[in-house]
Amino acid sequence: MKGFWLILMVSLIILISTINSFPYSSSVMANVDNGMLMSNLNVLSDTELNNALNQLEGWTQKEGKLHRQFQFSSFVEAFGFMSSVALVAESMGHHPEWFNVYNRVTIDLTTHDAGGITNKDVELAKKANELAKK
């Protein structure tokens, strides 16, 4: 039942946002420091990437991207997670490559504009981990 309400709420937010945009949604949804966004376009060095991976539970590097598979107790929870991540990703202006089958969500993150993994990817991975725990 919790998943139903989450999907309903996210659907309403999306519907309302298409009718009337939220001018402060990016600061509310992602709590991202916009001053850092430009510096996030530098591809991480091997050392920086290894340090980041050590702090990102469940994430690995696969084919030049940050990679993780999340598993939930149902499709509704997986879809609710994806909806929550979508709102954060939109507010960050950074969108994941992802795949969903029933209760599993696989996410790959890379910054195409920079040609590799950047701090934007690390920040979105952290947000995804936080959302998965809720």
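The model shown is predicted, which means the values in this text are computed figures rather than measured ones.

(A) Representation of the overall build of the protein. Looking only at helices and strands, the protein features five helices and four strands. Ordered by position from N to C terminus, the α and β elements of the protein give α-α-α-β-β-α-β-β-α. Buried positions account for 37% of the 134 residues belonging to the protein. For the protein, restricting intrachain contacts to residue pairs at least 6 apart in sequence, the fraction spanning at least 24 positions comes to 69%. Here the protein has roughly 8300 Å² of accessible surface; of this, 55% comes from carbon and sulfur atoms.

(B) Just the packing of aromatic side chains, in detail. One pass over the full model with this rule turns up five aromatic pairs. Plain terms: the ring middles of F72 and F81 are 4.9 Å apart, the flat faces sit at 40° to each other, and that makes the pair tilted. A network of ring pairs unites the aromatic residues W59, F70, F72 and F81 as a single cluster.

(C) Spotlight on helix α4 (residues 75-92). Between its terminal C-alpha atoms α4 stretches 25 Å, which fits the 26 Å expected from 18 residues at 1.5 Å a residue. For α4, every residue scored as buried is listed here: A78, G80, F81, M82, S83, S84, V85, L87, V88, A89, S91 and M92. Two residues or fewer after α4 comes G93, characterised by a positive phi angle close to 70°.

(D) Representation of the packing of α4 against helix α5 (residues 119-132). As a packed pair, α4 and α5 sit with axes 10 Å apart at the nearest point and diverge in direction by 150°. By the angle between their directions, the pair α4 and α5 is classed as roughly antiparallel. Relative to α5, the crossing made by α4 is right-handed. Taking contact as the criterion, the partners of F81, S84, V85, V88, A89 and M92 in α4 are, on α5, K120, E123, L124, K127, A128, L131 and A132. Here the residues of the contact of α4 with α5 sort into nine nonpolar, one polar and three charged.

(E) The arrangement of α5 in detail. End to end, α5 covers 20 Å across 14 residues, agreeing with the expected 20 Å (1.5 Å per residue, within 8%). Where α5 is concerned, the buried positions are K120, D121, V122, L124, A125, K127, A128 and N129. Residues of α5 that are buried make contact with α3 (46-55), β2 (65-71), α4 and β4 (104-109).

(F) Representation of unusual backbone geometry in the model. Phi at E63 takes a positive value of approximately 55°, unusual for a residue other than glycine. Along the chain, the position of E63 falls in the loop between β1 (60-62) and β2. Here E63 falls in the exposed class, since its relative accessible area comes to 70%. The residue Y102 is not glycine, and still its phi comes out positive at about 45°. By the secondary structure assignment, Y102 is in the loop between β3 (97-101) and β4. The exposed category is assigned to Y102, whose relative accessible area is 51%.

(G) Broad picture of the pattern of salt bridges. If you walk through the whole model with that rule in mind, you get three salt bridges. In this structure, K65 and E97 form a salt bridge, with 2.7 Å as the shortest nitrogen-oxygen distance. Taken as a pair, K65 in strand β2 and E97 in strand β3 lie far apart in primary sequence, 32 residues in all. Classification of K65 by relative accessible area gives partly exposed; the value is 21%. Close ionic contact of E123 with K126 constitutes a salt bridge, the shortest N to O distance being 3.7 Å. Placement of the pair is E123 and K126 together in helix α5, with a separation of three residues, close to one helical turn. On the accessibility criterion, E123 (27% relative accessible area) is partly exposed. Residue K126 is classed as partly exposed on the basis of its relative accessible area of 31%.

Cut-offs and rules
- Residues numbered from 1 in each chain as written.
- Predicted model: local features only at pLDDT ≥ 70, side-chain atom pairs only at ≥ 80, totals over all residues.
- Heavy atoms only, no water.
- Helix = DSSP H or I, 4+ residues; strand = E, 2+ residues; numbered from the N terminus.
- Buried < 20%, exposed > 50% of the residue type's maximum accessible area, 1.4 Å probe, protein only.
- Contact = heavy atoms within 4.5 Å.
- Areas by Shrake-Rupley, 256 points an atom, 1.4 Å probe, with all protein chains shown as cover.
- Phe/Tyr/Trp six-rings, centres within 6.5 Å; stacked < 30°, edge-to-face > 60°.
- Expected span 1.5 Å × (residues − 1).
- Axes fitted to C-alpha atoms, helices over the stretch in contact; angles between N-to-C directions.
- Parallel < 35°, antiparallel > 145°, perpendicular 65-115°, else oblique.
- Left-handed = near helix turned anticlockwise from the far one by under 90°.
- Nonpolar A, V, L, I, M, F, W, Y, C, P; charged D, E, K, R; others polar.
- Salt bridge = Lys/Arg side-chain N within 4 Å of Asp/Glu carboxyl O.

Worth remembering: the numbers are spatial, not functional.
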